[in-house]
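Report on the structure
Spelled out, the chains give:
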Amino acid sequence: MPLLFEFHRSSLFRFLVVALAGLLLTGACLAAETAGGGHGDHGTVVVEFLLGLVVVILAAKAGGEIFERLNQPAVLGELAMGILIGSFSLFQLPYVDALKSSDALAIAAEIGVIILLFEVGLESNLHELLEVGLSALLVAVLGVIAPMFLGYGASFLLAPELPWYVHVFVGATLSATSVGITARVLKDLRKMDTKESRIILGAAVVDDVLGLIILAVVSGVIASLARTGTATVDLGAAGVIVAKAVAFLGAAILLGRLLHGRALVLATKFRVPGVPLAIAMAHCFLWAGLAGLLGLAPIVGAFAAGLVLEEKDYEPFIERGEEPIEKLIKPISSLIVPVFFVVMGMKVDVSVFASGKVLLLAAAITAAAIIGKQICSLGGLEKGLNRLVIGVGMIPRGEVGLIFTGIGASLAVGGIPVLGAELVSAMVVMVMVTTVVTPPLLKLLFSKQAA
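Residues numbered from 1 in each chain as written. Predicted model: local features only at pLDDT ≥ 70, side-chain atom pairs only at ≥ 80, totals over all residues. Heavy atoms only, no water.

1. Section: the overall build of the protein chain
If you tally the helices and strands in the protein chain, you get 20 helices and two strands. For the protein chain, the residues scored as buried account for 50% of the 451 residues in total. Intrachain contacts of the protein chain at a sequence separation of at least 6 include 81% that bridge at least 24 residues. (Helix = DSSP H or I, 4+ residues; strand = E, 2+ residues; numbered from the N terminus. Buried < 20%, exposed > 50% of the residue type's maximum accessible area, 1.4 Å probe, protein only. Contact = heavy atoms within 4.5 Å.)

As C-alpha cells, this is what we get:
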C-alpha cells in the first residue's frame, strides 16, 4: 500500500492521468471526425492526422517514461504503447482502425525512421569504422552470417508454406545489432574501455553497415519480384542489385562528403539562423530519396548521409554561437522518431497469439537470434577474451530489428506483404526479448568477471 500511495502521488502518475485523458479525448474527437466526414476529403485527412499525432506522441512519451523507470530502453515502452493501442481494435473501436490505416501517420513514421538512421550514422565515426580491428570485423561478419542462416532455417521449418523470399527476409532481419542499447549498458557499467567492449562496439557498427547492405539487396530482389510477378529470381539480376547497393554506399560516402563540405562553405555566408540544421537535414533527405529512387531502402541513404558528417565540419557555426549539429537534431528526433515505434507496435495483431504456431514461431526466431550472436563471439582472436560477454553484447536487435520488420511489412509481392501479421508479431516478440535480456546478462557476466 505505501508503494501504491507513493506512485499515486508521483509526477509520473499525474502525467499518465493527463496523458490518458488526452488520449481518450483525442480518440473521441477522432471518432467523431471519422464518423462525420469532417471538412471534405483534404480537411478530413489533415484533421485525422493531427488528432492521430496527438495520440501517438502522448502514448510514446508515457510508454517511454514507464520503461525508463523500469531501467529498460524507452523504445520498448513506445512499442508496447503501440501494441496496446492496436489491441483496442479488438473492441471494434472505429478510430483505432483509422489510426492503423492512416497514410499520413505512416509517412510520419517513415520520416522518423529516416531521421533515426541519420542519427545512427552521425554517432558512427567513418575513420574508426575503417580502422576496426580484425577481431571486430570477424565478429561482425559471423554475427551477420550465422543469424541469417539460423533465421532462414527457423522460418522455413515452422512455415514451409511461405515463399523462399519470406524466409530470407526473416534471416536478414536477425543479422543486425542495436549498437545503441549495448553502448548504453556498457557506459552505465563503466566498461567502455575493456577489450570486449571495444570489439562489441566496433563489430556492432560494422554489423549495421553489412545489415543495411543485405537489407538493400533483399529489398531490391523482392521489389524486382513484385514487378515481374514471379517467385523466382535471376542470379544476374541479384548481382546487379548487390553492385548497385555497394556502389550507392560508396558514392554516398565519397560524393556526399564532397557535396556536404561545399554546401557548408557556402552556408557560412548566410546570416539567417538555422542554416546548419537545414543543410544537415537536406543532406539526409537527399540521400534517402536517391536510395529510394534506385530501389533501395531510404534508410540506407540516411545512414550513409550521417556517416560522412563530422563534428569539425560545423566548427565555424559553433564559433559564432550555433549549437552542435547533434543537439540541433535531437529535439526533432525526440518528437518524430517515437512515432515510428508506436506505429510499428500498432501493426502487431495480438489476436494471432491465440495460435500456438505463432508462439512457437516467435520462440524459434528468438532462439535463432540469440544463438546466432553467440556464434559470432568465435571471431574474437585476442587471448584472455570473455567470448560470452561479446556474444551477449551482440544480442539486442532493438530499433534496428523493428526497422527491418517494418520494411518487411510494407513490401509486398502480388499484393501479399512479405511479413504478414503472424510474422510481424513474432518478430516484435524477438526484438523485445533480445532487448530486455541483454542488460541484466551483461551486468551478471561483468560482475562474475570482476569477482
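Now, onward.
2. Quick notes on helix α6 (residues 103–123)
For α6, with 21 residues, the first-to-last C-alpha span of 30 Å sits near the 30 Å given by 1.5 Å per residue. Capping the start of α6 is the job of one residue whose side-chain oxygen sits 3.5 Å from the backbone nitrogen of Ala 104: Ser 102. (Expected span 1.5 Å × (residues − 1). Polar contact = N/O pair within 3.5 Å; in protein donor to acceptor, adjacent residues only side chain to side chain.)

3. Details of a nonpolar patch on the surface
Nonpolar side chains collect at one region of the surface, where Leu 134, Leu 137, Leu 138, Val 141, Ile 145, Phe 149 and Leu 381 lie side by side and expose about 640 Å² of accessible area between them. Along the chain, Leu 134 turns up in helix α8 (residues 134–158). (Patch = residues over 30% accessible without salt bridge, like charges linked within 9 Å, V, L, I, M, F, W, Y side chains within 5 Å. Areas by Shrake-Rupley, 256 points an atom, 1.4 Å probe, with all protein chains shown as cover. Salt bridge = Lys/Arg side-chain N within 4 Å of Asp/Glu carboxyl O.)

4. Digging into the side chain of Lys 373
Structurally, Lys 373 can be placed in helix α17 (residues 356–376). From its side chain, Lys 373 meets the backbone oxygen of Gly 143 in a polar contact 2.6 Å long. Among the polar contacts listed, one links the side chain of Lys 373 to the side chain of Asp 207, at a separation of 2.8 Å. Setting aside its immediate chain neighbours within four residues, Lys 373 contacts Gly 143, Pro 147, Leu 174, Ser 175, Ala 176, Thr 177, Asp 207, Gly 391, Met 394, Ile 395 and Arg 397.

5. Details of the packing of helix α9 (residues 164–173) against helix α19 (residues 398–410)
Look at α9 against α19: their axes get within 9 Å of each other, and the N-to-C directions meet at 160°. Classified by the interaxial angle, the pair formed by α9 and α19 is roughly antiparallel. Of the two possible hands of crossing, α9 and α19 adopt the one that is right-handed. Here Phe 169, Ala 172 and Thr 173 of α9 come into contact with α19, specifically with Gly 401, Phe 404, Thr 405, Ile 407 and Gly 408. Partitioning the contact of α9 with α19 into residue classes produces four nonpolar, four polar and no charged. (Axes fitted to C-alpha atoms, helices over the stretch in contact; angles between N-to-C directions. Parallel < 35°, antiparallel > 145°, perpendicular 65-115°, else oblique. Left-handed = near helix turned anticlockwise from the far one by under 90°. Nonpolar A, V, L, I, M, F, W, Y, C, P; charged D, E, K, R; others polar.)

6. Overview of the confidence of the model for the protein chain
Do not read the fine detail of predicted coordinates wherever pLDDT is low. Confidence along the protein chain averages 80 in pLDDT terms, with 83% of residues attaining 70 or more. Averaged pLDDT values for the elements of the protein chain fall to 48 in helix α1 (residues 2–9) and rise to 91 in α9. This stretch, residues 1–8, has a pLDDT under 50; its non-local contacts, to residues over four places away or in other chains, come to four contacts. (pLDDT = per-residue confidence, 0-100.)

7. A word on the packing of helix α16 (residues 325–346) against α19
Relative to each other, α16 and α19 sit at 60°, their axes nearing to 11 Å. Between α16 and α19, the angle falls in the class oblique. The two elements α16 and α19 meet at a crossing, and its hand is left-handed. Every residue of α19 that contacts α16 at Phe 340, Phe 341 and Met 344 is listed here: Glu 399, Leu 402, Ile 403, Thr 405 and Gly 406. Considering only residue class, the contact of α16 with α19 consists of five nonpolar, two polar and one charged.

8. So, α16
Along its 22 residues, α16 runs 32 Å from first to last C-alpha, staying within 8% of the 32 Å computed at 1.5 Å per residue. At Ser 333, α16 is deflected by roughly 40°, the largest bend along its length. (Bend = angle between axes of the 7 residues up to and from the residue.)

9. Looking at the nonpolar core
Soluble globular proteins tend to bury their nonpolar side chains together. Counting residues in hydrophobic clusters, the biggest one holds 105 residues, and the most contacted among them are Leu 117, Phe 118, Phe 169, Ile 299, Ile 365, Leu 402 and Ile 403. Counting 22 residues, the second-largest nonpolar core is a separate cluster that includes Ala 140, Leu 201, Ala 203 and Phe 446. (Core = buried A, V, L, I, M, F, W, Y, C linked by side-chain atoms within 4.5 Å.)

10. Examining the environment of Ser 87
Mapping Ser 87 onto the fold places it in helix α4 (residues 74–87). By relative accessible area, which is 15% here, Ser 87 ends up buried. Between the alpha carbons of Ser 87 and Gly 345 there is a distance of 9.6 Å; along the sequence they are 258 residues apart.

11. Focus on the environment of Gly 379
On the secondary structure map, Gly 379 appears in the loop between α17 and α18 (387–393). With 244 residues separating them in the primary sequence, Gly 379 and Ser 135 have C-alpha atoms 5.6 Å apart. Once you skip the residues sitting within four places of it in the chain, Gly 379 turns out to touch Ser 135, Leu 138, Val 139 and Leu 142.

12. A closer look at the pattern of salt bridges
Tallying each qualifying case throughout the model produces seven salt bridges. Ionic pairing is found between Lys 373 and Asp 207, a salt bridge with its closest N-O pair at 2.8 Å. Residue Lys 373 is located in helix α17, and its partner Asp 207 is located in helix α11 (residues 195–228); the two are separated by 166 residues in the primary sequence. Between Lys 312 and Glu 310 there is a salt bridge, and its shortest N-O distance comes to 3.7 Å. Look at Glu 310 and you get buried, because its relative accessible area is 17%. The network of salt bridges with common partners includes Arg 257, Glu 310, Lys 312 and Asp 313.

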